[in-house]
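As a plain string of letters, each chain reads:
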Amino acid sequence: MRKVYLDYSATTPVKQEVLNEMIPYFTEKFGNPSSLYEIGAEAKEAITKAREQVAQLIGAKPQEVIFTSCGSESDNWALTSTAHWKKAKGNHIITTKIEHHAILHTCKALEKEGYQVTYLGVGPDGRIDLNELEQAITDQTILVSIMMVNNEMGAIQPIKEAAAIAKKHGILFHTDAVQAGGNIPIDVEDLGVDMLSLSAHKIYGPKGIGAMYIRKGVALPSFVHGGAQEMKKRAGTENVPYIVGFGKAAEMARLQLDDHAARLRELRDYFIAQVMEKIPYVDINGGMEHRHPGNVNLAFNFIEGESLLLMLDYYGISISTGSACSSKSLEPSHVLSALGIPVEKIHGSLRFTVGDFTTKEDLDYTVDCLAKIVEKLRMMSPISAEKGWN
Ligand SMILES: *Cc1c(COP(=O)(O)O)cnc(C)c1O
């Protein structure tokens, strides 16, 4: 049976070129980068190169890039360490209602410690209102953290403008750019952000390796204490093969960015057009203008998204209801709720994300399966019968 993967925002496969670069660092080049003999130095050089590659993807200087264990660690670090560091100045943090759980759950933990958090709402397009951000700032505000690209419905936030507002008030600004990496251009100088989170496994690198950009001059305290690795900013023996893989993935992402994004957009728009032509009562959640090129989030009215997802899985098609992290609970998506979408509609919503290995044939097959399954589910659905839809 055909296998179709349309969940690139959950994770991506490691590219062959990336894996090839990684392999020697598990075996013959296994040295500890802190060691002074040759295989240690070799590992250290490999990290230096990877740091340059990741820095280039986001327009940073290499010294401003610190490797972490994942995007979640970077998010936890930015929020928790800034909060503790700036405690004497204030206890207020501003973020949004649609952040990844790595941000939202860290905010909840900080609230338990006595910090105040403002969660900005978003419009139907999933974007924040900059005036609302400005109005939320108080003399207690120490950090603003706003994601660059939303993982569920793809909204791209006005990060440059938001960071300028924070800067005007002397407040640090962090952005979770995990979904932005490789999909839209990132230039930390142009954006004016102080901290930025990245993760390798969303850009065709390995899982379990991330990075944090920290602007030169921002003395963010460490989060993981121990040895002097990572310029004393993040302890722990470096995960050399994964760092090498992240570097290669970042380099490929940078060189291919424009073509990659154009190709994703074409595939995604083709998919939307086919769905709209072949399946009635489908709506797009969020706006199309400021959106991740490979993301579409669709509401299939009158049916349960979970049933649709499971039946698509039976046909070999992998998609998700939204964030991989929330799909295990039956709570309606916090992101779609924040967009003002009614609960019944959220329950019929699914996220499709295309990527490098997606083909038109994959999408044709998916649309055929979707049309069949949606029709069947609607015939069985009490909601559609009630509304006289049948
Ligand atoms: C995937 C993701 C994360 C978490 O990254 P991990 O490396 O999986 O911990 C954080 N934020 C966003 C927006 C993501 O999509």
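Criteria and cut-off values
- Throughout this description, residue numbers start from 1 for each chain and increase along the sequence as written.
- Note on the predicted model: pLDDT of at least 70 is required for a residue's local features to be given, and 80 or more for side-chain atom pairs to be given and counted; whole-chain, interface and lining totals, by contrast, use all residues.
- Working from all heavy atoms in the structure, the side-chain values ignore hydrogens and water.
- A run of H or I in DSSP counts as a helix once it spans at least four residues, and a run of E counts as a strand once it spans at least two, with each numbered from the N terminus.
- The quantity called the radius of gyration is restricted to C-alpha atoms. Its globule counterpart is 2.2 Å times the number of residues to the power 0.38.
- Each residue's exposure class comes from its accessible area (1.4 Å probe, protein chains only) as a fraction of the maximum for that residue type: buried when under 20%, exposed when over 50%, partly exposed otherwise.
- Should any heavy atoms of two residues lie within 4.5 Å, those residues are counted as being in contact.
- What makes a salt bridge here is a side-chain nitrogen of Lys or Arg within 4 Å of a carboxyl oxygen of Asp or Glu, nothing more.
- To define axes, lines are fitted to C-alpha atoms, for helices over the stretch in contact only, and angles between the resulting N-to-C directions are given on a 0 to 180 degree scale.
- With the far helix as reference, a near helix turned anticlockwise by less than a right angle produces a left-handed crossing, and one turned clockwise produces a right-handed crossing.
- Strands were regarded as paired on the criterion that DSSP finds at least two bridges between them.
- Centres within 6.5 Å make a pair out of two Phe, Tyr or Trp rings, where for Trp the six-membered ring is used; the pair is then stacked when the planes are under 30 degrees apart, edge-to-face when over 60, and tilted otherwise.
- Charge-over-ring contacts are defined here by two conditions on Lys NZ or Arg CZ: a distance within 6 Å of the ring centre and an angle within 35 degrees of the ring normal.
- Domain boundaries shown here were taken from an automatic or database domain assignment.
- Two parts placed together each lose some accessible area; with a 1.4 Å probe, that loss summed over both constitutes the buried area.
- By the criterion applied in these results, polar contacts are pairs of N or O atoms within 3.5 Å in which, for protein atoms, one can donate a hydrogen and the other can accept it, and in which residues neighboring in sequence qualify only through two side-chain atoms.

Caption draft 1: Molecular detail of the overall build of the protein chain. Within the protein chain, the secondary structure is distributed over 13 helices and 12 strands. Relative to its length of 390 residues, the protein chain is compact, with a C-alpha radius of gyration of 22 Å against a globular reference of 21 Å. Projected onto its principal axes, the C-alpha coordinates of the protein chain cover approximately 70 × 55 × 35 Å. For the protein chain, buried positions account for 56% of its 390 residues. Considering only intrachain contacts with a sequence separation of at least 6, the fraction spanning at least 24 residues in the protein chain is 75%.

Caption draft 2: Inspection of the pattern of salt bridges at higher detail. Counted according to the given criterion, the structure contains 15 salt bridges. Among the salt bridges present, the one from R351 reaches D7, with a minimum N-O distance of 2.9 Å. With R351 in strand 12 (residues 349–353) and D7 in the loop between strand 1 (4–5) and helix 1 (16–22), this residue pair connects regions lying 344 residues apart in the sequence. You can call R351 buried: its relative accessible area is 1%. The shortest N-O distance in the salt bridge between R51 and E230 comes to 2.9 Å. Of this pair, R51 sits in helix 2 (residues 38–58) while E230 sits in the loop between strand 8 (210–214) and helix 8 (240–278), and the two are 179 residues apart along the sequence.

Caption draft 3: Spotlight on the environment of G316. Here G316 shows up in the loop between helix 9 (305–314) and strand 11 (317–318). By relative accessible area, which is 5% here, G316 ends up buried. G316 sits 118 residues away from L198 along the chain, and the two C-alpha atoms are 30 Å apart. Here G316 is in contact with M1, R2, K3 and V4, once residues within four sequence places are set aside.

Caption draft 4: Region of interest: the packing of helix 2 against helix 8. One can describe the packing of helix 2 onto helix 8 by two numbers: an axis separation of 8 Å at closest approach and a directional angle of 30°. In this structure, helix 2 meets helix 8 at a crossing whose hand is left-handed. Contacts between helix 2 and helix 8 involve A43, A46, I47, A50, Q53, V54, Q56 and L57 from the first element and V240, I243, V244, F246, G247, K248, A250, E251, A253 and R254 from the second.

Caption draft 5: Structural detail: the sheet that holds strand 3 (residues 92–96). If you walk across this open sheet you meet the seven strands as 2-8-7-6-5-3-4, and the pairing is mixed. The open sheet has two edge strands with one neighbour each: strand 2 (65–68) and strand 4 (116–120). Here the strands of the sheet are splayed against their neighbours by 20° on average, with no regard to which way each runs. The pairing of strand 7 (residues 195–199) with strand 8 spans five bridges and is antiparallel.

Caption draft 6: Representation of the packing of aromatic side chains. All chains considered together, the criterion is met by nine aromatic pairs. With a centroid separation of 6.2 Å and 45° between ring planes, the pair formed by Y8 and Y204 is classed as tilted. Taken as a pair, Y8 in the loop between strand 1 and helix 1 and Y204 in the loop between strand 7 and strand 8 lie far apart in primary sequence, 196 residues in all. What makes Y8 buried here is its relative accessible area of 7%. When its relative accessible area of 7% is taken as the criterion, Y204 is described as buried. Three or more aromatic residues joined by ring pairs make a cluster, and in this case those are Y5, Y8, Y204 and F357. Between K86 and the ring centre of W85, over which it is positioned, the NZ or CZ distance is 4.0 Å.

Caption draft 7: Highlighting the domain arrangement of the protein chain. Under the domain assignment, the protein chain is made up of domain 1 (4–11 + 257–387) and domain 2 (16–253). Computed from C-alpha coordinates alone, the two centres of domain 1 and domain 2 are separated by 28 Å. Taken together, the contacts link 31 residues of domain 1 with 30 residues of domain 2. Taking both partners together, domain 1 and domain 2 bury about 2,500 Å²; carbon and sulfur atoms supply 55% of that area. Looking at the side of domain 1 facing domain 2, the largest losses of area belong to L257, H290 and H334, adding up to 24% of the total buried there. In this structure, the connection of domain 1 to domain 2 is made through zero salt bridges. Here domain 1 is connected to domain 2 by 15 residue pairs in polar contact (both at pLDDT 80 or more).

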